[in-house]
Amino acid sequence: SCGGAARELDGSTLSIDSPADATSVVCTFVNTKDTDRITIIKRTVGGDGQFDFTSNTPVGEFTLTTSSGRASTSLLVDVPGQYSVTELAPPANWSLTDISCSGAPVVIDLAKATVTLSIDSLDADARCTFTNTYVPPGVCPPGSVDFGEVRLANSDKRESATVQYVVQPGTYNI
């Protein structure tokens, strides 16, 4: 703004028409820094929980607590580059079951609970959703099942044994 003077802003050029009786015109310029927003969404299936994250954004570590199966936060970044967000070890009986992202090139590593976003410019918003599923005690989550070692009491190995596990729907490697 320029006190009392007519002005016209065209891109980065400011034209000022000073009033005839003015000895000086004071102009104030406000610069707004471009930022990009990385929105982290936490979804839960089977209940609500508290989940810890770490990132290499200015926010660093943060916690999301779900309510009705959802929570979110925005991480602001002001320099293009690669930004990683990692969900730390989930609480007992919770399993990270999916990560999805949109809005920026991304590498998702579900096994390491990490996303790495490439923010090339500060003009688009990125969103990543981390989904955790509650697994009640005594129920095996989808994935690998370790049945341990089963030994039969009879040394001639003619008897059979049955091991039974309750599992959730999903794909298992046995």
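Keep in mind that this is a model prediction, so the values were computed, not measured.

Things to note about the overall build of the protein chain
Across its full length, the protein chain carries 0 helices and 15 strands. Across the 174 residues that make up the protein chain, the buried fraction comes to 29%. Put simply, 61% of the contacts in the protein chain that link residues at least 6 apart link residues at least 24 apart. Counting only carbon and sulfur atoms, one obtains 48% of the accessible surface of the protein chain, whose full area is about 11,300 Å².

Some details on the side chain of S55
Summarising the element assignment, S55 is placed in strand β4 (residues 50-55). Among the polar contacts made by the side chain of S55, one reaches the side chain of T57 at a distance of 2.8 Å. For S55, the side chain forms a polar contact with the main-chain oxygen of G60, separated by 2.9 Å. Excluding residues that lie within four positions of it along the chain, S55 makes contacts with G60, F62, L75, S84 and V85.

Some thoughts on unusual backbone geometry
Unusually for a residue other than glycine, N93 sits at a positive phi of about 70 degrees. Within the secondary structure, N93 sits in the loop between β7 (81-87) and β8 (94-102). Phi at A113 is positive, roughly 55 degrees, even though this residue is not glycine. Among the structural elements, A113 can be located in the loop between β9 (106-109) and β10 (114-119). The class of A113 is buried, set by a relative accessible area of 10%.

Section: the environment of P90
Position of P90 among the secondary structure elements: in the loop between β7 and β8. Among the residues examined, P90 registers a relative accessible area of 34% and is labelled partly exposed. For the pair P90 and F53, spaced 37 residues apart in sequence, the C-alpha to C-alpha distance is 9.5 Å.

Points about the sheet that holds β4
Here 5 strands make up an open sheet; going across it, the order is β5-β4-β7-β10-β9 and the pairing antiparallel. Every interior strand has two partners, whereas the edge strands, β5 (62-65) and β9, have only one. Shown here is a sheet whose adjacent strand axes are inclined to one another by a mean of 20 degrees, direction ignored. Pairing analysis gives 4 bridges linking β4 to β5, with the strands arranged antiparallel. Note that in β5 the partner of D52 across the bridge is T63.

Examining the pairing of β4
On any regular strand, side chains alternate: one points to one face of the sheet, the next to the other face. Residues F51, F53 and S55 point to one face of β4 and are all buried, whereas Q50, D52 and T54, pointing to the other face, are not buried. Counted between consecutive antiparallel strands, the loop separating β4 from β5 contains 6 residues, among which G60 sits at a positive phi close to 75 degrees. Direction of pairing for β4 relative to β7: antiparallel, over a ladder of 3 bridges. In the sheet register, F53 faces β7, and the bridge partner there is E87.

Quick notes on the rules
- Residues numbered from 1 in each chain as written.
- Predicted model: local features only at pLDDT ≥ 70, side-chain atom pairs only at ≥ 80, totals over all residues.
- Heavy atoms only, no water.
- Helix = DSSP H or I, 4+ residues; strand = E, 2+ residues; numbered from the N terminus.
- Buried < 20%, exposed > 50% of the residue type's maximum accessible area, 1.4 Å probe, protein only.
- Contact = heavy atoms within 4.5 Å.
- Areas by Shrake-Rupley, 256 points an atom, 1.4 Å probe, with all protein chains shown as cover.
- Polar contact = N/O pair within 3.5 Å; in protein donor to acceptor, adjacent residues only side chain to side chain.
- Pairing = 2+ DSSP bridges.
- Axes fitted to C-alpha atoms, helices over the stretch in contact; angles between N-to-C directions.

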